[in-house]
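A structural walkthrough
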Amino acid sequence: MEDYRVDSHKLMFHVDKVSDWMQGKEIYPINAEIGLAGACNHRCIFCAVDYMGYEPKVLSKEITNIRFKEMRSKGLKSILFAGTGEPLLNKDAPDIINNTKTMGVDVALSTNGVLFTEDIAKECMESISWIRFSTSAGTEDTYKKIHQGKDGDLERVFTNIYNAAQFKKKHNLRTTLNVQIVMIPENIDEVIMLAKKVKELGADQYLVKSFGWQPLSVSSLKKEINRTTFYDNHEEIVRELAELNDEKFRAVYRFNRMSKAKIEKNYSECYAMPFHTNIDANGDVWPCCQLIGTPDMCFGNIYQQSFEEIWQGDARKHAIQCIKDTKLAGCAPECRLDDMNRYLNELKHPSAHVNFI
């Protein structure tokens, strides 16, 4: 099974952009995370954007067609449809996904999976490079306590994963079917159970990740989980996951992410910010997922300005300066951009003897 570097970064595959950045040139995003919908059909207890209020806003197909083409012309290579709600609550999601792929932009989808029905798979799965099913329990009772959805939702998700796997096989698609569990005290006893289940259903990959700390989140887990100790000493889980791996299935325990709370940042500036951006369901553009909704951090709105105007605008310059002034004091250790920042910091401040390759 191919290693997709899910617990690291991939900037080394974009040397042209990195070279431009090293020379001080203006960089536009390689990747964007887009919130197609603000609403959600679940209220997960680990939700990082619970503070956003799950507003029933959706991005329009018209504005995404315009802005994504513009972003593609500036070097955008991929979009993850995820964001501050369940993307498939936007009725135009399949069309937006297909249109995005037609533009030459790679597409991924993060969903709780309840709405990824056989019909939706038929509509747009061929356009998707990978799908992440956020499924954080192996039993219906635990699933409902954690996801806080409707009765029978877990069984619907299992059915949808199975149908997606069958559709992939029938049409010889390259779409990677990924199931991710956020490991917390409530589900730790079901990590292996769920891995075995999704392998049986035909998933390609299973990820075990840590609870993500978000500065504005009101989740009670922020107080309940000691991030520097909870993810220690799970050798048995790691061993059992490894035993499931074969040429068709890969289970990944995200050691790198889980160790972040113990590792001091070796940089004080977010070098990776220009390579990535977030757009929420309101059309607001943000530096990263951790700063969505933070005052003074919004770059602009895609309904009101072109992406170039936003990227070159005063609001973005102000936000970047604010981030520099704080020296990343409020950023979480497990920031998604951390590995890229460490890589770029090393390029920016190389150690001695680097020419002795």
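As shown above, the structure is provided for reference.
Figured I'd write up the structure that's included with this text. Being a predicted model, the structure only gives us computed values, none of them experimental.

Quick look at empty space enclosed by the protein now. Under the counting rule described, the total for this entry stands at two cavities of 30 Å³ or more. Empty space within the largest cavity amounts to approximately 40 Å³. For the largest cavity, the full set of lining residues is Ser210, Phe211, Arg227, Tyr231, Arg257, Met258, Lys260, Ala261 and Glu334. Estimates place the volume of the second largest cavity at around 30 Å³. Its residues placed into classes, the lining of the second largest cavity shows four nonpolar, two polar and one charged.

Using the criterion set out here, one finds 20 salt bridges in the structure. For the salt bridge of aspartate 20 with lysine 25, the shortest nitrogen-to-oxygen distance reads 3.6 Å. Taking the relative accessible area as the measure of exposure, aspartate 20 reaches 26% and is therefore partly exposed. Assessed through its relative accessible area of 45%, lysine 25 is described here as partly exposed. With a closest N to O distance of 3.7 Å, glutamate 26 and arginine 316 form a salt bridge. Pair noted here: glutamate 26 is in the loop between α1 (15-22) and β1 (31-34) and arginine 316 is in helix α12 (residues 314-326), with a separation of 290 residues, a long-range link. One connected set of salt bridges, linked through shared partners, spans Lys260, Asp338, Asp339 and Arg342.

All right, on to the packing of aromatic side chains then. This model, assessed by the stated rule, comprises 10 aromatic pairs. For the ring pair phenylalanine 230 and tyrosine 231, a centre distance of 4.8 Å and an interplane angle of 80° mean the geometry is edge-to-face. By way of ring pairs, the aromatic residues Tyr28, Phe299, Phe307 and Trp311 are connected into one cluster.

The next subject is the sheet that holds strand β3 (residues 106-111). Strand order in this open sheet of 10 strands is β7-β6-β5-β4-β3-β2-β1-β8-β9-β10, and the pairing throughout is mixed. Two strands lie at the open edges of the sheet, namely β7 (250-253) and β10 (300-301), each paired on one side alone. Strand contacts of helix α9 (residues 235-244): β6 (205-209) and β7, with the helix running at about 160° to β7, the strand carrying the most contacts.

The volume enclosed by the second largest pocket comes to roughly 380 Å³. Residue lining of the second largest pocket: 16 residues in total, with Trp21, Glu269, Pro274, Ile320 and Lys324 positioned closest to the centre. Of the residues contributing to the lining of the second largest pocket, the split by class is eight nonpolar, two polar and six charged.

What follows deals with the environment of glutamate 123. Its place among the elements puts glutamate 123 in helix α4 (residues 118-124). Given the relative accessible area of 44%, glutamate 123 is considered partly exposed. Sequence spacing of glutamate 123 and proline 94 is 29 residues, and the spatial spacing of their C-alpha atoms is 6.2 Å. Each residue touching glutamate 123, except ones within four places of it in the same chain, is listed here: Pro94 and Asn98.

Assignment of secondary structure puts threonine 100 in helix α3 (residues 93-102). For threonine 100, a relative accessible area of 0% gives the class buried. Among all residues touching threonine 100, those that are not within four sequence positions of it are Phe68, Ile79, Phe81, Val105 and Val107.

The next point concerns the pairing of strand β4 (residues 130-134). Counting buried residues in β4 gives four out of five residues, a clear majority hidden from the surface. Alignment of β3 against β4, held across four bridges, turns out to be parallel. From the neighbouring strand, serine 110 faces β4, where its bridge partner is arginine 132. Here β4 runs beside strand β5 (residues 176-182); their pairing, made up of five bridges, is parallel. Residue pairing for β5: serine 134 is matched across the bridge by glutamine 180.

Let us now look at α3. Among the residues of α3, Ala93, Pro94, Ile96, Ile97 and Thr100 are the ones counted as buried. End-on view of α3: buried residues confined to an arc of 165°, all on one side of the axis. In this fold, the buried residues of α3 make contact with α2 (61-73), β2 (78-81), β3 and α4. At the C-terminal side of α3, glycine 104 shows a positive phi close to 95°.

What follows concerns the pairing of β3. Across the six residues that make up β3, a large majority, five, are buried. Sheet topology places β2 next to β3; four bridges connect them, and they run parallel. Within β3, the residue paired with leucine 80 across the bridge is alanine 108. Note on the crossover from β2 through α3 to β3: the handedness is right-handed. In this region the chain leaves β3, passes through α4 and returns to the parallel neighbour β4; the handedness of that crossover is right-handed.

In this section: the environment of glutamate 334. Along the chain, the position of glutamate 334 falls in the loop between α12 and α13 (338-348). For the pair glutamate 334 and phenylalanine 230, spaced 104 residues apart in the sequence, the C-alpha separation amounts to 14 Å. With near-sequence residues (within four places) excluded, glutamate 334 lies in contact with Phe211, Gly212, Trp213, Arg227, Arg257 and Lys260.

Calculation criteria
Residues numbered from 1 in each chain as written. Predicted model: local features only at pLDDT ≥ 70, side-chain atom pairs only at ≥ 80, totals over all residues. Heavy atoms only, no water. 1 Å grid on protein atoms, 1.4 Å probe; cavity = no way out; pocket = protein on both sides within 12 Å on 5 of 7 lines; lining within 4 Å. Points joined across faces, edges and corners; volume = space filled by probe spheres on them. Nonpolar A, V, L, I, M, F, W, Y, C, P; charged D, E, K, R; others polar. Salt bridge = Lys/Arg side-chain N within 4 Å of Asp/Glu carboxyl O. Buried < 20%, exposed > 50% of the residue type's maximum accessible area, 1.4 Å probe, protein only. Helix = DSSP H or I, 4+ residues; strand = E, 2+ residues; numbered from the N terminus. Phe/Tyr/Trp six-rings, centres within 6.5 Å; stacked < 30°, edge-to-face > 60°. Pairing = 2+ DSSP bridges. Contact = heavy atoms within 4.5 Å. Axes fitted to C-alpha atoms, helices over the stretch in contact; angles between N-to-C directions. Arc of directions from axis to C-beta. Right-handed = clockwise from strand over helix to strand, strands pointing away.

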